[in-house]
Amino acid sequence: MKGTIIRCLDELVTSRFGGDKWKEILRETGLPPFKLYIPLQDVDDDEALRLIQSTCKVLGLSLQQAADAFGEYWMTVYAPKVYKSFLEKAKSARDFLLAMDQLHTTVTSTMANARPPHFDYEWTDPKTLHMIYKSHRNLLPLLAGLARGVGKYYGQDLEVSIVPPNRVRIVFP
């Protein structure tokens, strides 16, 4: 996993819960409390997943609650600083979500060892999109949280739900 994901998680926890909580999460994961993550660095998937699990444990959140907080922070705070040009290309949540697979390909094309998730899309009716999640990391709740965050960023109230085993259902207003 790329360090930008963990860097965003660090910023989220530090800004909303305090730096001491992030240090506690690092310790809970078995890492030094002052470990820093660089956006382009490779983070071992196992380490990244342990950080996510430790975040849930230390903050007393379910995986979906943590994923929702992450998705909102990523889309409303972190991505506008780092990926502003990509956000400005889309005029709506629908545009952005439909461009996510290509966006992952574009952003990671020059990054060594990048293995981003990919998505297929299936419309079940004119307002309902199924995003089919394809990744070995099994972080479907994160996709649902990001979809909710996309809706917040574009000011659209999306109805988002997980459809096991690998889909997120999004109903547009």
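See the structure printed just above.
The rules behind the values
- Residues numbered from 1 in each chain as written.
- Predicted model: local features only at pLDDT ≥ 70, side-chain atom pairs only at ≥ 80, totals over all residues.
- Heavy atoms only, no water.
- Axes fitted to C-alpha atoms, helices over the stretch in contact; angles between N-to-C directions.
- Helix = DSSP H or I, 4+ residues; strand = E, 2+ residues; numbered from the N terminus.
- Parallel < 35°, antiparallel > 145°, perpendicular 65-115°, else oblique.
- Contact = heavy atoms within 4.5 Å.
- Nonpolar A, V, L, I, M, F, W, Y, C, P; charged D, E, K, R; others polar.
- Phe/Tyr/Trp six-rings, centres within 6.5 Å; stacked < 30°, edge-to-face > 60°.
- Buried < 20%, exposed > 50% of the residue type's maximum accessible area, 1.4 Å probe, protein only.
- 1 Å grid on protein atoms, 1.4 Å probe; cavity = no way out; pocket = protein on both sides within 12 Å on 5 of 7 lines; lining within 4 Å.
- Points joined across faces, edges and corners; volume = space filled by probe spheres on them.
- Salt bridge = Lys/Arg side-chain N within 4 Å of Asp/Glu carboxyl O.
- Arc of directions from axis to C-beta.
- Expected span 1.5 Å × (residues − 1).

**Details of the packing of helix α1 (residues 3–17) against helix α4 (residues 63–82)**
And then number 1: With their axes 10 Å apart at the nearest point, α1 and α4 run at an angle of 105° to one another. For the element pair α1 / α4, the angle class is roughly perpendicular. The segment α1 lies against α4, with T4, I5, R7, C8, L9, E11, L12, S15 and R16 engaging A69, F70, Y73, W74, Y78 and K81.
And then number 2: A class-by-class count of the residues in the contact of α1 with α4 yields 9 nonpolar, 2 polar and 4 charged.

**As for the packing of aromatic side chains**
And then number 1: Counted according to the given criterion, the structure contains 8 aromatic pairs.
And then number 2: Between F119 and Y133, the ring centres sit 6.4 Å apart and the planes meet at 40°, which makes this aromatic pair tilted. Of this pair, F119 sits in strand β1 (residues 118–125) while Y133 sits in strand β2 (residues 128–134), placing them 14 residues apart in sequence.
And then number 3: When its relative accessible area of 4% is taken as the criterion, F119 is described as buried.

**Concerning the layout of surface pockets**
And then number 1: Volume-wise, the largest pocket comes out at about 650 Å³.
And then number 2: Lining the largest pocket are 34 residues, and of these I5, W74, H104, P116 and P117 lie nearest its centre.
And then number 3: Of all the elements in the fold, those that place two or more residues in the lining of the largest pocket are α1, α4, α5 (84–89), α6 (93–108) and α7 (140–153).
And then number 4: No other element matches the 6 residues that α6 contributes to the lining of the largest pocket.
And then number 5: Residues that form the lining of the largest pocket fall into these classes: 24 nonpolar, 5 polar and 5 charged.

**A few points about the environment of L158**
And then number 1: Tracing the backbone through its elements, the reader meets L158 in the loop between α7 and β3 (159–163).
And then number 2: As for L158 and A93, which are separated by 65 residues in sequence, their C-alpha atoms are 8.5 Å apart.
And then number 3: Contact partners of L158, with chain neighbours within four places excluded, come to A93, L97, A147, G151, I170, V171, F172 and P173.

**What to know about the pattern of salt bridges**
Oppositely charged side chains are able to pair whenever their charged atoms sit close together.
And then number 1: The tally for this structure, following the rule as stated, stands at 16 salt bridges.
And then number 2: The shortest N-O distance in the salt bridge between D10 and R7 comes to 2.8 Å. Placement of both D10 and R7 in helix α1 is noted, with a separation of 3 residues, approximately one turn of the helix.
And then number 3: Classification of D10 by relative accessible area gives buried; the value is 8%.
And then number 4: Take R7: its relative accessible area is 24%, and that puts it in the partly exposed class.
And then number 5: A salt bridge links K35 to E47; the nearest nitrogen and oxygen atoms lie 3.3 Å apart. Of the two residues, K35 sits in the loop between α2 (19–29) and α3 (45–59) while E47 sits in helix α3, which places them 12 residues apart along the sequence.

**Digging into α2**
And then number 1: Of all the positions in α2, only W22, I25, L26 and T29 are classed as buried. The buried residues of α2 occupy an angular sector of 100° when projected down its axis, which confines them to one face.
And then number 2: In the core, the buried residues of α2 are packed alongside α1 and α3.
And then number 3: Phi turns positive one or two residues past the end of α2, at G30, with a value near 90°.

**Quick look at α7**
Residues that lie three or four places apart on an α-helix share one face, since the helix turns once every 3.6 residues.
And then number 1: Under the 1.5 Å per step criterion, the end-to-end length of α7 is 20 Å for 14 residues, consistent within 8% with the ideal 20 Å.
And then number 2: For α7, a buried count of 11 out of 14 residues is recorded, marking the element as mostly surrounded by other parts of the structure.
And then number 3: Where α7 is concerned, the buried positions are L140, P141, L142, L143, A144, G145, L146, A147, G149, V150 and G151.
And then number 4: Buried positions along α7 lie against α4, α6, β1, β2, β3 and β4 (167–171).
And then number 5: Where α7 terminates, the next one or two residues include G155, which has phi positive at roughly 65°.

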